[in-house]
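# Structural overview for review
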Amino acid sequence: MTHPLSDRISSLPVSQTLAMAAKARELKEQGIDIISLSLGEPDFNTPDFIKDAAIEAINQDYNSYTPVDGYAELKEAICTKFKRDNDLVYQPNQIVVSTGAKQSIANVAQVLLNPGDEVLLPAPYWVSYSAISILCEAKFIEIPSSIEDDFKITPAQLEAAITPKTKMVFFNSPNNPSGSIYSEQEYRALAAVLEKHPKIYILSDEIYEHINYGAKPFSFAAIENMFDRTITVNGLAKAFAMTGWRIGYLGAPQWIAKACTKMQGQVTSGTNCIAQRAAISAVLAPVEKVQYMVDEFKTRRDLVLDRLRQIDGFKLNIPEGAFYVFPDISAFFGKTVQGMKIENANDFSLFLLEKANVATVTGDAFGAPNCIRMSYAASVAQLKEAIQRIKEAVS
Ligand code: GLU
């Protein structure tokens, strides 16, 4: 029986990252020993100094509705952070705090996109960019890249994808799922193209900013002439191990920030009061306070790369940030392994789930059908075991 759901929800794809995580959880509950490398979620606890700030907020009776765009003190703190880390000078009235960076992105899309507008997505891209564009009845256009180019697009590709209908382009560095980081020079070359097209807005998703293994990521809005057209999105989930606290934020031209506040005021209102108070201490903390997590992620990245490279058919780039590897596994396409025919990345991901009991996410969901995504935000013991299982399953 079909239910009378709206066309909007019927045409919306399910989030593959969340779906795979749910499936892994379900199988675990059935007693199957699944190792889940599906979700991008740090396996650390939120640092004590942030937890203490939340406890203090509860004891100080922070319990009322919050301002829709965030506490003034938090917005000030975010401005300080933008100046300190990104050389960006935002005023508090250009900041909007939201329930996760995902809501920040959805707000921006809702307030800028009209039906029929085109949105450029350099692929691979995070699953929800395309889904959020669909919700706005905009058309998303993928700009493909390959492992040979370290999963980055060129200025010529960007230029070729632009049409009179292009309204917005998404950049995400460090990138989920590839881990690639655009250098300042590479970003400037892309900006030179966009300079010729003043009606295009840029959403720069910098949520993995602090999780990098050398090169400090460059903020797109720091390019002269781009500041007034760029929305910088960030949040606390990844670097501060605060996924469930749901704090994201953006810095944008004031008219965009104001529109996002209006949208949020009708949909969710201000973000949770306790999480916001805790966020003040997280945002103002020196980045060195969370360096131990980044160091650990680097150790795991090196281990995962080293071991996966020993498996025939896995082709890898060197991710410079975030906590994912994104191997090209197209060498398996057309083969039958352990009785399972593998035609595409979906099949391969399902094969790994069934035969190795390892949960990954198909590259299709990220606009890269030759790859699968594996998160290494898991313990070293789990990672070793997962890769050993994969090796045995495919050999
Ligand atoms: N951003 C994370 C991921 O890509 C969390 C899940 C989600 O919201 O997509 O795995």
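Above this text you will find the structure in question.
Attention in this report is confined to the structure presented alongside it. (Residues numbered from 1 in each chain as written. Predicted model: local features only at pLDDT ≥ 70, side-chain atom pairs only at ≥ 80, totals over all residues. Heavy atoms only, no water.)

### Describing the environment of Ser-204
Put simply, the test is: Comment: elements are numbered from the N terminus, with helices defined as DSSP H or I runs of at least four residues and strands as E runs of at least two. It only takes one pair of heavy atoms within 4.5 Å for two residues to be counted as in contact. Nitrogen and oxygen atoms within 3.5 Å of one another constitute a polar contact, given that in protein one can donate a hydrogen and the other can accept it, and given that sequence-neighbouring residues count only through two side-chain atoms.
When you line up the elements, Ser-204 lands in strand β6 (residues 201–205). Residues Ser-204 and Val-394, spaced 190 residues apart in sequence, show a C-alpha to C-alpha distance of 38 Å. Residues contacting Ser-204, with those up to four places away along its chain left out, are Phe-171, Phe-220, Thr-230, Ile-231, Thr-232 and Val-233. Engagement of the side chain of Ser-204 in a polar contact is seen with the side chain of Glu-206, the distance being 2.6 Å.

### Quick look at the environment of Glu-148
Take Glu-148: it is sitting in the loop between β4 (139–143) and α7 (155–161). Along the backbone, Glu-148 and Lys-315 are 167 residues apart, and their C-alpha atoms lie at a distance of 9.9 Å. Within the local environment of Glu-148, its side chain forms a polar contact with the side chain of Ser-146, the two groups lying 3.2 Å apart. Within the structure, the side chain of Glu-148 is placed 3.2 Å from the side chain of Lys-315, a separation counted as a polar contact.

### Structural notes on the packing of aromatic side chains
This is how it is decided: Classification of ring pairs uses Phe, Tyr and Trp, with its six-membered ring standing for Trp, and accepts pairs whose centres are within 6.5 Å; under 30 degrees between planes counts as stacked, over 60 as edge-to-face, and the remaining range as tilted. Accessibility here uses a 1.4 Å probe with only protein chains present; expressed as a share of the type maximum, an area under 20% marks a residue as buried, one over 50% as exposed, and anything in between as partly exposed. As a reminder, the over-ring test applies to NZ of lysine and CZ of arginine, requiring each to be within 6 Å of the ring centre and within 35 degrees of the ring normal.
Summed over the entire model, instances satisfying the criterion amount to 25 aromatic pairs. Ring geometry for Phe-332 and Phe-348: centres 4.7 Å apart, planes at 25°, overall stacked. Residue Phe-332 is located in the loop between β9 (324–325) and β10 (335–337), and its partner Phe-348 is located in helix α12 (residues 345–356); the two are separated by 16 residues in the primary sequence. Each member of the pair, Phe-332 together with Phe-348, is buried. Clustering of aromatic rings is evident, with ring pairs tying together Phe-44, Tyr-208, Tyr-292, Phe-297, Phe-323 and Tyr-324. It is Arg-277 that lies over the ring of Tyr-71; its NZ or CZ is 4.9 Å from the centre.

### Details of the pairing of strand β8 (residues 248–251)
This is how it is decided: Strands are labelled as partners when DSSP assigns at least two bridges between them.
Burial along β8 is two-sided: the face carrying Gly-248 and Leu-250 and the face carrying Tyr-249 and Gly-251 are both buried. Sheet topology places strand β2 (residues 95–98) next to β8; 4 bridges connect them, and they run antiparallel. Residue pairing across strands places Ser-98 opposite Gly-248, the latter belonging to β8. Sheet topology note: the strand β7 (residues 230–235)/β8 ladder contains 4 bridges and is antiparallel. Paired with Asn-234 across the strands is Tyr-249, a residue of β8.

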